[in-house]
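Here's the letter readout for the chains.
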Amino acid sequence: MKVLEIEGGRTLSGTIRIGGAKNSAVALIPACLLTNNKTTLTNVPDITDINVLTDILEYVGVKVTRASGSMIIDPENMENKIIPESLSSKLRASYYFMASLLAKYGKVSIHFPGGCKIGSRPIDQTLKVFKALGANIEEEEFLFNISADELKGAEITLDMPSVGATVNAVIVGSKAKGTTIIHNAAREPEITDLANMLNKMGAHITGAGTSTIKIVGEEVLDGCFHDIIPDRIEAGTYVILGALVGSYLRIENIIPEHLNALTDKLHEMGADIEINQDSIVVNAHDNLIGVNIKTLGYPGFPTDLQQPFVTLLATAHGKSIVEETIYENRFMNIPYLNKMGANISTKERVATILGANKLHGEEVIGTDLRACASLLLAGLKADGKTVIQNVEHLLRGYEEITEKLSNVGAKIELKEI
Ligand code: EPU
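Worth saying up front: this structure is predicted, and the values here are computed from it rather than measured.

Colleague: Even after reading the chapter, I still don't get unusual backbone geometry, so can you show me in this structure?
Modeller: Peptide bonds are, in most cases, trans, and in most cases residues other than glycine have a negative phi. Look at the link from Tyr298 to Pro299: it is a cis peptide, with omega at 10°. Examined against the element boundaries, Pro299 turns out to sit in the loop between strand 17 (293–294) and helix 10 (303–315). Of note, the phi angle at Asn184 is positive, near 60°, even though the residue is not glycine. By secondary structure assignment, the location of Asn184 is in the loop between strand 10 (179–183) and helix 7 (189–200). By relative accessible area, Asn184 is classed as partly exposed at 29%. Even without glycine at this site, Asn390 takes up a positive phi of about 65°. For Asn390, the position within the fold is in the loop between strand 22 (385–389) and helix 13 (392–395).

Right, dumping it as structure tokens:
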């Protein structure tokens, strides 16, 4: 097991450079299989989720060449094999291979995807998209056998703006015959990034970033060069860190607009932040006031920043209310924050935070990726030593975490026990 040991209570200053977006990269990589030619991705984050995707690509015969921050994907000799469950259950994004293999070969057999255990996370909307586009689906003990004589464009309204279902619809629609229109689509910047890459490959996608996406299918797609957008969740986590312990902490290589929901809330709290063209500078102070948040799809407050933000609210003055509308089970960091001195109660999907508490170091357990991030921030703010167990989750989504934090003055060590 991997643990993080943190000596908290230090002021952090300097610059943290943000890497490529995990949730873009994990969609772009499977989408690269739609062509038989090479695609080069740059700004690829150095996280374990990308290592798992590389293992999956290599398993199906794709040649992958990785160098610092770049990845060349060459599917020339790939085969349509069943990805072992031991690999596909390691991450949610494995179900993007459902879409890319179905679109490429007209059939795919693949297991139910993995991912953080933060709710039930069904895939009914993806299956609905595949059916609408002409696929037949058989399920046997979590193995999905999906096939189509011909994939044909269709008009689909998603029941909710699911990121995963939108990605899968965009991937399959790009190769389906005719026009696909997705209503109630997710509007996340990662969807726009995917559409931009596919358009470079020769697809015809318009409306990405809005609730209605139109795709005119194209039989043959080509390789391309694509630079992945910065990770808004990694960036947001460090911006929150700046509001906790920063002294001129600069978060750079970001698209500030992608963080508007967060920075608006930080302004409401009275935070000292300066927003520049591609960076944000944050200074901590002791007079932040509590605010209420409700998680929503983009451009609303992102669920992936809810847990890190709760750490900040625990130290702000007054009462804050947090409503988690996306997942049933995304408060698993809270018992550990309370162990560290926070005063937070939960009822179903609502957390009530009574703030201005001093945090102290403790032994805690990271239950999922963003819970780890929440506890990491708490450990950096707390007096004394914090040990976070199970930080394998954290390494799935935050690259070079100890290096980035040590460079700005944190005392933090990653250990294997
Ligand atoms: N949902 C359904 N049916 C579906 C799909 C989704 O009921 O077919 C529900 C889910 O249960 C959930 C909600 O709709 O309650 C949102 O799910 P969505 O499909 O939008 O999320 P996802 O594609 O599974 C991606 C990110 C998550 C991020 C969400 C929301 C990836 C690989 N994962 O998940 O990222 O929280 O969008 O923005 O892109 C993370 O990075 O920590 C993370 C969990």
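Okay, back to it.
Colleague: Is there a simple way to explain the nonpolar core in this structure?
Modeller: Note on soluble globular proteins: their nonpolar side chains tend to be buried together. Residues Leu41, Phe130 and Leu198 are the most contacted members of the largest nonpolar core, which totals 76 residues. Apart from residues no more than four positions distant in its own chain, Phe130 is found in contact with Met98, Ala99, Leu102, Ala135, Ile137, Ile146, Asn168 and Val172. Formed by 70 residues, the second largest nonpolar core is a distinct cluster that contains Leu249, Leu259, Ala271 and Val322.

Colleague: Can you walk me through the site of the ligand in this structure?
Modeller: Taken together, 23 residues form the shell around the ligand, and within it Gln125, Ser162, Asp304, Ile326 and Arg370 come nearest. Ser162 is positioned such that a nitrogen or oxygen atom in its side chain is 2.6 Å from an oxygen atom of the ligand. Gly164 places a main-chain nitrogen or oxygen 2.8 Å from an oxygen atom of the ligand. Those elements giving two or more residues to the shell around the ligand turn out to be helix 1 (22–31), helix 5 (124–132), helix 6 (163–175), helix 10 and helix 12 (369–381). Among the elements that take part in the shell around the ligand, helix 1 stands out by supplying three residues, more than any other. Partitioning the shell around the ligand into residue classes produces 10 nonpolar, five polar and eight charged.

Parameters at a glance
Counting starts from 1 at the beginning of each chain's written sequence and moves along it residue by residue. Owing to the predicted nature of the model, reporting of local features is limited to residues with pLDDT of at least 70; listing and counting of side-chain atom pairs is limited to 80 or more, with chain, interface and lining totals taken over all residues. To obtain the side-chain values, all non-hydrogen atoms of the structure were included, while hydrogens and water were left out. Going along the chain from the N terminus, every DSSP run of H or I of four or more residues is numbered as a helix, and every run of E of two or more is numbered as a strand. Think of it in three bands: with a 1.4 Å probe and only protein chains considered, a residue is buried below 20% of the maximum accessible area for its type, exposed above 50%, and partly exposed in between. Nonpolar core, defined: a set of buried Ala, Val, Leu, Ile, Met, Phe, Trp, Tyr and Cys residues in which side-chain atoms within 4.5 Å join the residues together. We call two residues in contact when some of their heavy atoms are within 4.5 Å. Here a residue is near a molecule or strand as soon as one of its heavy atoms is found within 4 Å of it. Pairs of N or O atoms within 3.5 Å make up the polar contacts considered here, provided that, within protein, one atom can donate a hydrogen while the other can accept it, and that residues adjacent in sequence are counted only when both atoms are side-chain atoms. Classification used: nonpolar for Ala, Val, Leu, Ile, Met, Phe, Trp, Tyr, Cys and Pro, charged for Asp, Glu, Lys and Arg, polar for all others including Gly.

None of this, on its own, says anything about what the molecule does.
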